[in-house]
Amino acid sequence: MTDPGSADAGVSPFAANMWWQGGYAMELRQIQYFIQVAKMEHVTEASHVLNVAQSAVSRQILKLEAELGVSLFIHEGRKVRLTPIGRTFLKHMETLMKVIDKAKQEINEYLDPERGTIQIGFPSSLASHLVPAVVSSFREQHPQVRFMLQHGSYRELIDWVVRGDLNLALIGPVPQEDQIQSDILFTETFFALVPVGHPLADAPALRLVDLRDDQFVLFPSGYVLRDIVVEACERNGFKPNIISEGDDLDAIRGLVAAGLGVTLLPEVAVKDHIPASMRIIPIVEPEVIRNVGIITAANRELPPTERLFYQFLKSLYA
């Protein structure tokens, strides 16, 4: 297998994407090899992923270390691990690759925004209905646009947008943070879910305080849907007795249907098929709500294709 960084690969220094920094040349190929080896901590396995010879990867890493004048890896038999300066270098190189990838994406989309790619994050509560609905509606108008969907927790979505891992995320409730541009798309109410044998199962509506003596099934600590429910209960004079937890909507609904307790979920999360062993009841006092919207980075402009989607969402829910 030919080393694409060698002279016999027929690639000029300029075609090989070389930077001149402080008297040495650093090739983009070397950076790609370095990042892959750092991730896998194994040169041979990294070479398989890169589809180049192991000797080619080793040679480029050694060349990179010689040009930098530092050791990036500690060799432990067949495995390697980063040195302290190697970890620092990795962080900067990953940032560099994001900038390069973003530049390539923007160039491609500038040439034809209708053939670009949209990367969007979303929480589990919006996965079943909202995300498929808006993606499907958008693709009716822009059929050649590709989507890459990334599920994440509330905090992860915010951090990904701030760091530049994503440019867009659907989220609820919409955060108010300095590094985030937030746009509210709509507001939705929460409903109570109770097992069929519950004393209020046939009630047309209920007050939140009616559930003060019940056992609750909620998301684990750190989930924003749990925080909304706990804060609503505390504002109404009681602390919910949480006896079971589930880390996704199906688990929460399943525990309620099994009679383990009651829960509160937003409207978009109760549109799925609800088993006969469970009832959905509106809450009239107080109304528990959350807003749902889209977040972008406050200090970055959206690439053309993602800007199309952003504008589509805002007009869709205007």
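What you see is a predicted model, and the numbers here were worked out from it, not measured in a lab.

Chemist: How would you sum up the overall build of the protein chain? Please name residues and give values.
Modeler: Each helix and strand in the protein chain was counted, giving nine helices and 14 strands. Compactness check: the protein chain gives a C-alpha radius of gyration of 26 Å against a globular reference of 20 Å for 318 residues, more than 25% above the reference. C-alpha atoms of the protein chain, sized along the principal axes, occupy 80 × 45 × 35 Å. Residues counted as buried form 44% of the 318 residues belonging to the protein chain.

Chemist: Requested: an account of the nonpolar core, with residues and values cited.
Modeler: Ranked by internal contacts, the top residues of the largest apolar core, which has 33 residues, are Leu208, Leu211, Phe216, Leu264 and Leu265. Going through the elements one at a time, strand 8 (180–195), strand 10 (215–218), helix 7 (224–235), helix 8 (249–257), strand 12 (263–266) and strand 13 (278–285) are the ones with two or more residues in this core. Looking at this core element by element, the count peaks at six residues for helix 7. Once residues within four sequence positions are removed from consideration, Leu211 is found in contact with Ala192, His198, Leu200, Leu206, Phe216, Phe238, Val262 and Leu264. Residues Phe34, Val43, Leu72 and Leu90 belong to the second largest nonpolar core, which totals 23 residues.

Chemist: Which residues make up the packing of helix 1 (residues 28–40) against helix 4 (residues 84–111), and what values do they have?
Modeler: Closest axis-to-axis distance for the helix 1/helix 4 pair is 10 Å, and the angle between their directions is 120 degrees. The pairing of helix 1 with helix 4 is recorded here as oblique in orientation. Read as a crossing pair, helix 1 and helix 4 show a hand that is left-handed. For the pair formed by helix 1 and helix 4, the contact residues are Leu28, Ile31, Gln32, Phe34, Ile35, Ala38 and Lys39 on the first element and Gly86, Phe89, Leu90, Met93, Glu94, Met97 and Ile100 on the second. In terms of residue class, the contact of helix 1 with helix 4 is built from 10 nonpolar, two polar and two charged.

Chemist: Hey, could you go over unusual backbone geometry for me, with residue numbers and the actual values?
Modeler: At the junction of Gly172 and Pro173, the peptide bond is cis and its omega measures out at -5 degrees in the coordinates. Here Pro173 shows up in the loop between strand 7 (168–171) and strand 8. Of note in this structure, Glu41 is not a glycine but carries a positive phi near 55 degrees. Classification of Glu41 by relative accessible area gives partly exposed; the value is 35%. In the Ramachandran plot, Asn51 falls in the positive-phi region, its phi being about 65 degrees despite a non-glycine side chain. Structurally, Asn51 is set in the loop between helix 2 (43–50) and helix 3 (54–68). A residue is classified by how much of its surface remains accessible, and Asn51, at 58% relative accessible area, is exposed.

Chemist: Let's hear about the pattern of salt bridges: which residues, and what values?
Modeler: Within this structure, the stated rule accounts for 13 salt bridges. We note a salt bridge from Asp159 to Arg155, for which the minimum N-O separation is 3.2 Å. Placement of the pair is Asp159 and Arg155 together in helix 6 (residues 154–163), with a separation of four residues, close to one helical turn. For Asp159, a relative accessible area of 29% gives the class partly exposed. Judged by its relative accessible area of 40%, Arg155 falls in the partly exposed class. Among the salt bridges present, the one from Asp250 reaches Arg253, with a minimum N-O distance of 2.7 Å. In this pair, Asp250 and Arg253 both sit in helix 8, three residues apart, roughly one turn of the helix. Overall, Arg253 belongs to the buried group, its relative accessible area being 8%. One network of salt bridges, with partners in common, ties together Glu27, Arg29 and Lys63.

Rules and cut-offs
What you see as residue numbers is a count from 1 along each chain, following the sequence as written. Confidence filtering applies because this is a predicted model: local features only for residues at pLDDT of at least 70, side-chain atom pairs given and counted only at 80 or more, and all residues used for totals across whole chains, interfaces and linings. In computing side-chain properties, one takes all heavy atoms of the structure into account and sets aside hydrogens as well as water. By the criteria applied, helices consist of DSSP H or I runs no shorter than four residues and strands consist of E runs no shorter than two, each listed in order from the N terminus. Atoms counted for the radius of gyration: C-alpha only. Globule rule: 2.2 Å times the number of residues to the power 0.38. Note on classification: 1.4 Å probe, protein chains only; a residue is buried when its accessible area is under 20% of the maximum for its type, exposed when over 50%, partly exposed between these limits. Put simply, a nonpolar core is a bunch of buried Ala, Val, Leu, Ile, Met, Phe, Trp, Tyr and Cys residues held in one set by side-chain atoms that sit within 4.5 Å of each other. By the convention used here, residues are in contact when the closest approach between their heavy atoms is within 4.5 Å. Fitted lines through C-alpha atoms give the axes, limited to the stretch in contact for helices. The angle between two N-to-C directions lies from 0 to 180 degrees. Here is the rule for angles: anything less than 35 degrees is roughly parallel, anything more than 145 is roughly antiparallel, 65 through 115 is roughly perpendicular, and the remaining ranges are oblique. The handedness criterion is simple: a crossing whose near helix is rotated anticlockwise from the far helix by less than a right angle is left-handed, and one whose near helix is rotated clockwise is right-handed. Note that Gly is not counted as nonpolar here; it falls among the polar residues with everything else outside the nonpolar set of Ala, Val, Leu, Ile, Met, Phe, Trp, Tyr, Cys and Pro and the charged set of Asp, Glu, Lys and Arg. Salt bridges are defined as contacts in which a side-chain nitrogen from Lys or Arg sits within 4 Å of a carboxyl oxygen from Asp or Glu.

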